[in-house]
Amino acid sequence: MIIKLYEEKYRDDLIFMVLQAKDALGRKPTINKDLLDIRENYFGRGDMFWVAINEDDRVIGCIGYSKTENPSEAFLHRLYVKASEKHKGIGTKLLQTVENEMRSQGITVSLVHLGAPKEQWFESYSFYPKNGYQEYAPRYMRKDL
């Protein structure tokens, strides 16, 4: 498995993986509009987006970030791992990749906005604290980098 910056050739595979990941969690499989044009919605705004790729060059995970008005903060977005690939460290590697890039860009605070109800987002509410994030407001977590 390798993690690399998103390329347009992965668009359809990424969308399919996200829909599968949501379905596996019992959520309505809809696609977030920002994922339809990552070039415009991330790179075009100075933000970043990565994909995790398996040995068959298929997308098995993704994550992005967007800067806030405060240049030292950024929000994480769209951390997904293909259901059949979970618990293999892929999410942690994606998160570490993003955090390292944020540090190199002078971003010192990583923020996450979590979904509701909490029961539908149980994985996120468990994953982020294991990786040093703390809840600072309902549905929001942060980590000092």
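Scroll up to find the structure this text is about.
To keep things clear, this report deals only with the structure shown in the data block.

Turning next to the overall build of the protein chain. Looking only at helices and strands, the protein chain features 4 helices and 7 strands. Going from N to C terminus, the protein chain has its helices and strands arranged as β-α-α-β-β-β-α-β-α-β-β. The C-alpha atoms of the protein chain give 14 Å as radius of gyration, which agrees with the globular expectation for 145 residues (15 Å, within 12%). Counting only C-alpha atoms, the protein chain reaches 35 × 35 × 25 Å along its principal axes. Within the protein chain, buried positions represent 41% of all 145 residues. Excluding contacts between residues fewer than 6 apart, the proportion of contacts in the protein chain whose partners are at least 24 apart in sequence is 57%. Total accessible area computed for the protein chain in this model is approximately 7900 Å², and 48% of it derives from carbon and sulfur atoms. One way to put it: in the protein chain the 22 positive side-chain charges average out to a point 3 Å from where the 21 negative ones average out.

Attention now goes to the sheet that holds strand β3 (residues 59-67). An order of β1-β2-β3-β4-β5-β7-β6 is seen for the 7 strands of this open sheet, with the pairing classed as mixed. Two strands lie at the open edges of the sheet, namely β1 (2-5) and β6 (134-137), each paired on one side alone. Neighbouring strand axes in the sheet, compared pairwise and without regard to direction, differ in orientation by 30° on average. In the sheet, strand β4 (residues 73-81) pairs with strand β5 (residues 109-113) via 3 bridges, with the strands oriented parallel. Its bridge partner being in β5, Ala-74 is matched across the sheet by Ser-110. In the packing of helix α1 (residues 11-24) onto the sheet, contacts are made with β2 (48-53), β3 and β4, and the angle to β3 comes to roughly 95°.

Gaps left between atoms show up when a probe the size of a water molecule is rolled over them. Estimates place the volume of the largest pocket at around 910 Å³. Along its surface, the largest pocket is lined by 34 residues, and Leu-79, Glu-123, Ser-124, Phe-127 and Tyr-128 are the ones closest to its centre. Top element by residues in the lining of the largest pocket is β4. It accounts for 7 residues. Looking at the lining of the largest pocket residue by residue, the classes come out as 13 nonpolar, 12 polar and 9 charged.

Tallied over the full model, the rule gives 7 aromatic pairs. Judged by centre distance (5.3 Å) and plane angle (80°), the ring pair of Phe-127 and Tyr-128 falls under edge-to-face. Joined through ring pairs, the aromatic side chains of Tyr-6, Tyr-42 and Phe-49 make up one cluster.

Reading the values: rules and limits
Residues numbered from 1 in each chain as written. Predicted model: local features only at pLDDT ≥ 70, side-chain atom pairs only at ≥ 80, totals over all residues. Heavy atoms only, no water. Helix = DSSP H or I, 4+ residues; strand = E, 2+ residues; numbered from the N terminus. Rg over C-alpha atoms; globule rule 2.2 N^0.38 Å. Buried < 20%, exposed > 50% of the residue type's maximum accessible area, 1.4 Å probe, protein only. Contact = heavy atoms within 4.5 Å. Areas by Shrake-Rupley, 256 points an atom, 1.4 Å probe, with all protein chains shown as cover. Lys, Arg positive; Asp, Glu negative; His and termini not counted. Charge placed at Lys NZ, Arg CZ, Asp CG, Glu CD. Pairing = 2+ DSSP bridges. Axes fitted to C-alpha atoms, helices over the stretch in contact; angles between N-to-C directions. 1 Å grid on protein atoms, 1.4 Å probe; cavity = no way out; pocket = protein on both sides within 12 Å on 5 of 7 lines; lining within 4 Å. Points joined across faces, edges and corners; volume = space filled by probe spheres on them. Nonpolar A, V, L, I, M, F, W, Y, C, P; charged D, E, K, R; others polar. Phe/Tyr/Trp six-rings, centres within 6.5 Å; stacked < 30°, edge-to-face > 60°.

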